[in-house]
Every structure is written in C-alpha cells, then in structure tokens.
Amino acid sequence: MRKKGGQYADKRWMDKPRAFGKYGPVRPKALFFDVDDTLIDRGGAFTRYFESFMARFPDVFPAHRRAEDLATLRVLDERGGRDRQAFFQDLLERFPVGLSENDLRAEFHVGLARQVTSDPELVTWLAARVGRQPVVVVSNGSADTQRMKLLHAGLHHCVPRGFFSSEVGVEKPDPAIFQAALKHVNRAPSEVLHVGDDPVRDIVGAGRLGITTCWVSHGREWPASLPPPDFTVERVSTAVQDLERVLSTWT
C-alpha cells in the first residue's frame, strides 16, 4: 500500500531525500542499473541462443564454420547496441535461413531471454540492497523483453520498478529517462549511483546529470575520447563483491 504523496508505504522515512543521516551510509541513496551485460550476462545468453539457432540450420551454418559465424553475428549485434531492424536485416541477408524479419525478431527476443541464467549470489545481494535504498532499472529496449530477462535471472522481484525506453519514450543517453527515475526515487543526482556497461548510453548519459557512475567494463579499455566513469568494475554478475567494494568506498 502506498503512502499518499510518497513511494514507500512500508518505509516512509525513505521518502525523505536525506533520511539516512547517521543511521546508514550517506550515499548512495538510490541505485540505478542497466540490464544487458550489467545485471544479466547478455553475452552468454546471446552465445547460447545462436549456438542452438545455428544447429537448426546446418545448410546455412555448416559445423566447421560455426565459430566464425558466431563471431560475425557478434559483430553485427554490437553487444545489443545496434539498431534492431538493421541487425535482423543484415543477419538474414548474410545468413538466409528462410525466416521473415518479423518471425526472427519475435523468436530472438523470446529465445534470448530464455537463455539468461541466474546468479544466486547476485540475487541474494540485490534483495538485501532493496531493503536499504531504492533500486530501479534504467534500460533501453522493450519493457516486456527486459522484464522477461530479469525474470529468468531471478531478479524481477528485486527490481520490480523499471524505466524502459519503450515505455518512457526516449532512449539512454537522453536525460529524460534518467530524470524519470530520479523523480520516482525522490533523490538528487548526486545521491544516486548508476551502473551500466555502455560508455555513452550509461556512463556519459548519467554523468551529464551529475549522477555518479560505475562502468561495467567486461575487460574493455575505456574510450579515451570520453570523460571517465567515477568507478569501474569488470562485471557484476558472478562478481558482485567488486560492486560491493565500490559502494563501501563511496560514502
């Protein structure tokens, strides 16, 4: 049950921007997370999905060439950052499997989500964080698809509130999607940490508003042309202790 005028009926003190004070850490007072390759291992799910997909079309994907073809698919996909219509069109042109673009799109989104695996340590950790401060998702993409991924990862109950580009109407790095999340949690940008893997969409986008940022690098070098993140971790899934160290440092 919601408190009138506030977001947290069972924790009314959390509606006050400076409610923590001496009773807990000064910061962060809210956590924002990207989904793909941040809360979930999209790269692993992508690989598993297309390994199964290629096995269904052996004439198009001969066994001896599948490692090379998978590498090509990763390039076409650009870690999920490429325009989806362009990705599916190029995929079907390069690998004519006999599916329509619409059929491939529908199959891909459902199939990829089903390949997402759960990290029990991350689930336990995030559930505990939700009891301490607001935690929301800020993500590009289809809300239904992203929620399905979180469900398969065992995280949907931890982060039931999400700000998805398909619902907000703008994509990261547009400030409006971050501003919507800030309004929801009733926090100033300086009190919030956003965690994401995309240098521009996540880190530059959030940083422009004064939100503290944590980049999930997956072993990549930070682009020298961009202002750097406040913190960096290699990954969150399977290595949540590294993010915990960031939070214990930023107080």
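For clarity, every value in this text was computed on a predicted model and none was experimentally measured.

Caption draft 1: A look at the overall build of the protein. Helix and strand counts for the protein stand at 10 helices and six strands. In the protein, buried positions account for 47% of the 251 residues. Within the structure as shown, the protein displays about 12,100 Å² of accessible surface, and the carbon and sulfur contribution to it stands at 52%.

Caption draft 2: Fine view of helix 4 (residues 101-114). Helix length check: helix 4 (14 residues) gives 20 Å between terminal C-alpha atoms against 20 Å at 1.5 Å per residue, within 8%. Turning to helix 4, its buried residues are Leu104, Phe108, Gly111, Leu112 and Ala113. At its buried positions, helix 4 is contacted by helix 1 (42-56), helix 3 (84-94) and helix 6 (143-152).

Caption draft 3: Region of interest: the packing of aromatic side chains. Counted under the stated rule, the structure contains 14 aromatic pairs. Here the aromatic rings of Phe46 and Phe108 are separated by 6.4 Å at their centres, their planes lie at 75°, and the arrangement is edge-to-face. With Phe46 in helix 1 and Phe108 in helix 4, this pair connects stretches of sequence that are 62 residues apart. Where Tyr49 meets Phe50, the ring centres are 4.9 Å apart and the plane angle is 80°; that geometry is what we call edge-to-face. Look at Tyr49 and you get buried, because its relative accessible area is 6%. On the accessibility criterion, Phe50 (1% relative accessible area) is buried. Pairwise contacts between aromatic rings join Phe46, Tyr49, Phe50, Phe53, Phe57, Phe61, Phe87, Phe88, Phe95 and Phe108 into one cluster. The cationic tip of Arg161 hangs over the ring face of Phe163; the distance from NZ or CZ to the ring centre is 4.3 Å.

Caption draft 4: Focus on the nonpolar core. Ranked by size, the top nonpolar core spans 52 residues in total, and within it Phe33, Phe50, Leu126, Leu155 and Leu193 carry the most contacts. By residue number, the principal contributor to this core is helix 1, which donates six residues. Excluding residues that lie within four positions of it along the chain, Leu193 makes contacts with Pro28, Ala30, Leu31, Phe32, Ile211, Thr212, Thr213, Cys214, Phe231, Val246, Leu247 and Trp250. One finds Phe163, Ile177, Val185 and Ala206 within the second-largest nonpolar core, a separate group that totals 13 residues.

Caption draft 5: Spotlight on the pattern of salt bridges. As enumerated under the stated definition, the model contains 16 salt bridges in all. The partner of Arg147 in a salt bridge is Glu167, and the shortest N-O contact between them spans 3.0 Å. Taken together, the positions of Arg147 in helix 6 and Glu167 in helix 7 (residues 165-168) put the pair 20 residues apart, joining distant regions of the chain. Residue classification places Glu167 among the partly exposed positions, given a relative accessible area of 46%.

Caption draft 6: Local environment of the sheet that holds strand 2 (residues 135-139). Reading across from one edge, 3-2-1-4-5-6 is the order of the six strands in this open sheet, with parallel pairing throughout. In this open sheet, the two strands that pair with only one neighbour each are strand 3 (162-164) and strand 6 (231-233). Each adjacent strand pair in this sheet contributes to an overall mean axis angle of 20°, direction not counted. Here strand 1 (residues 30-33) pairs with strand 4 (residues 192-196) via four bridges, running parallel. Counterpart to Phe33 in the pairing with strand 4 is Val195. In the packing of helix 8 (residues 175-185) onto the sheet, contacts are made with strand 1, strand 2, strand 3 and strand 4, and the angle to strand 2 comes to roughly 165°. Along the sheet, helix 9 (residues 199-207) makes contact with strand 4 and strand 5 (212-216), crossing strand 5 at roughly 165°.

Caption draft 7: Here's a closer look at the side chain of Asp37. Here Asp37 lies in the loop between strand 1 and helix 1. Exposure remark for Asp37: the relative accessible area of 6% places this residue in the buried category. Each residue touching Asp37, except ones within four places of it in the same chain, is listed here: Arg42, Gly43, Arg79, Asp197, Val216 and His218.

Caption draft 8: Structural context of helix 10 (residues 240-249). Those residues of helix 10 that fall on the buried side of the exposure criterion are Val240, Leu243, Val246 and Leu247. With its buried residues spanning 110° around the axis, helix 10 presents them on a single face. Tucked into the core, helix 10 has its buried residues touching strand 1, helix 5 (120-130), strand 4, strand 5 and strand 6.

Caption draft 9: Highlighting the packing of helix 5 against helix 10. Axis separation between helix 5 and helix 10 bottoms out at 10 Å; the angle between their running directions is 25°. In terms of their interaxial angle, helix 5 and helix 10 are classed as roughly parallel. Between helix 5, through Glu121, Leu122, Trp125 and Arg129, and helix 10, the contact on the second element is made entirely by Val240, Gln241, Leu243, Glu244 and Leu247. Here the residues of the contact of helix 5 with helix 10 sort into five nonpolar, one polar and three charged.

Criteria and thresholds
- Residues numbered from 1 in each chain as written.
- Predicted model: local features only at pLDDT ≥ 70, side-chain atom pairs only at ≥ 80, totals over all residues.
- Heavy atoms only, no water.
- Helix = DSSP H or I, 4+ residues; strand = E, 2+ residues; numbered from the N terminus.
- Buried < 20%, exposed > 50% of the residue type's maximum accessible area, 1.4 Å probe, protein only.
- Areas by Shrake-Rupley, 256 points an atom, 1.4 Å probe, with all protein chains shown as cover.
- Expected span 1.5 Å × (residues − 1).
- Contact = heavy atoms within 4.5 Å.
- Phe/Tyr/Trp six-rings, centres within 6.5 Å; stacked < 30°, edge-to-face > 60°.
- Lys NZ or Arg CZ within 6 Å of the ring centre and 35° of its normal.
- Core = buried A, V, L, I, M, F, W, Y, C linked by side-chain atoms within 4.5 Å.
- Salt bridge = Lys/Arg side-chain N within 4 Å of Asp/Glu carboxyl O.
- Pairing = 2+ DSSP bridges.
- Axes fitted to C-alpha atoms, helices over the stretch in contact; angles between N-to-C directions.
- Arc of directions from axis to C-beta.
- Parallel < 35°, antiparallel > 145°, perpendicular 65-115°, else oblique.
- Nonpolar A, V, L, I, M, F, W, Y, C, P; charged D, E, K, R; others polar.

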